[in-house]
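Structural characterization, general
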Amino acid sequence: MEAFLIYFLTLGAIFSIGTMGYNVSAGYAGFFTLAHAGIVAVGAYTYALLTLKLDVPFGLAIIAAMVFSALVSALLSFASKKIRGDAFAILTLWFGFVVVTVLLNWRDLTRGALGLPGIPHPALFNDKVLLFLFCVIVMILSYVVLERIGSSPFGRALGAVRDDETAALALGKDVVRLRVSSAAISGAFAGLSGALLAVFLGFIDPNLFGIPLLVQFIGYMVIGGLGRMEASIAGTFLMLGVREGVRFLPFEPELVGALREIIFAAILGLVILYRPKGIMGKVELE
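Residues numbered from 1 in each chain as written. Predicted model: local features only at pLDDT ≥ 70, side-chain atom pairs only at ≥ 80, totals over all residues. Heavy atoms only, no water.

**Things to note about the overall build of the chain**
For the chain, the count of helices and strands is 12 helices and 2 strands. When the helices and strands of the chain are placed in sequence order, the string is α-α-α-α-α-β-α-α-α-α-β-α-α-α. Taking 286 residues into account, the globule formula puts the C-alpha radius of gyration at 19 Å, and the chain, at 18 Å, falls close to it. Each of the 286 residues in the chain was classed as buried or not, and the buried ones make up 50%. For the chain, long-range pairs separated by at least 24 residues make up 79% of all intrachain contacts whose partners lie at least 6 apart in sequence. Accessible area of the chain: about 13,300 Å², with a carbon and sulfur share of 69%. Here the chain holds 20 positive side-chain charges and 18 negative ones, and the gap between their average locations is 7 Å. (Helix = DSSP H or I, 4+ residues; strand = E, 2+ residues; numbered from the N terminus. Rg over C-alpha atoms; globule rule 2.2 N^0.38 Å. Buried < 20%, exposed > 50% of the residue type's maximum accessible area, 1.4 Å probe, protein only. Contact = heavy atoms within 4.5 Å. Areas by Shrake-Rupley, 256 points an atom, 1.4 Å probe, with all protein chains shown as cover. Lys, Arg positive; Asp, Glu negative; His and termini not counted. Charge placed at Lys NZ, Arg CZ, Asp CG, Glu CD.)

Structure follows, in structure tokens:
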């Protein structure tokens, strides 16, 4: 039971970082993309390939994963200058499919569906408790940084774009620059989450980063609430607890996966219908 608790709390901290990153673009800037799981994959594979193939040190590989993920996210968001609404949602969803397809088919680099085993990490993290403590510290630092961004003039400008883009333009705000910047910040923390996930699991494959992971991040963020970082943490731990808790119910193992998704979808649907601000969000889901 102790091992499961450490596993759950570590995974919750890692996913919370990714959810907070998602909340920067969707909650602070009102810039809702469907590429988040793909950006997390970019971070995870950047870290894994750098450490496995080039022996890049842990810290540098983490930073590289954040930087590369931020660049990819910023470039993708730049398309919002020409594409909006449903078309942009389709574009970002397509990006996620492209990432998984590339990872599956570039076998010389990624080993395709076989995945990347034996991902290195500091020997210190052989102790799962120390890895858990490290992930929690990183989550807290991420929260502090993102909260400061949200309360800064830059964060208030993002809120103005989210609430009324036309008014923000009339006030002289560079909407495209603000959205690209928010996407870069979001991507950096998504990349950090992906890199830590690779460290934690020690193995990644493309199927980890498909639609189910995207839906999880959307659920964690929406159920917690948009526009508040603590809401992202609360939503992640609550819904991850629901997902993981299902395994202890007296059902056949083959039913657990389906039941987990049904319960998750039901809770998400109820929150969207009856509490569009989530548990503790500041912004109502439209």
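Read on, since the account is not over.
**Description of the nonpolar core**
Counting residues in each nonpolar core, the largest one holds 83 residues, and the members touching the most others are Phe15, Tyr47, Leu146, Ile204 and Phe209. In terms of residues, this core owes the most to one element, helix α9 (residues 175–201), which gives 14 residues. Setting aside chain neighbours within four positions, we find Phe209 in contact with Ala37, Val40, Ala41, Ala44, Tyr45, Val100, Leu197 and Ile204. (Core = buried A, V, L, I, M, F, W, Y, C linked by side-chain atoms within 4.5 Å.)

**Topic: the side chain of His36**
Positionally, His36 belongs in helix α2 (residues 36–53). Take His36: its relative accessible area is 3%, and that puts it in the buried class. Apart from the residues lying within four places of it in its own chain, the contact partners of His36 are Gly18, Gly21, Tyr22, Ser186, Ala190, Leu214 and Phe217.

**Let's talk about the pattern of salt bridges**
Tallied over the entire structure, the rule returns 2 salt bridges. With a closest N to O distance of 2.7 Å, Glu230 and Arg228 form a salt bridge. What makes Arg228 partly exposed here is its relative accessible area of 28%. Between Arg243 and Glu261 there is a salt bridge; the shortest N-O distance is 3.0 Å. Of the two residues, Arg243 sits in helix α11 (residues 229–245) while Glu261 sits in helix α12 (residues 253–274), which places them 18 residues apart along the sequence. According to the relative accessible area criterion, Arg243 is buried, its value standing at 6%. (Salt bridge = Lys/Arg side-chain N within 4 Å of Asp/Glu carboxyl O.)

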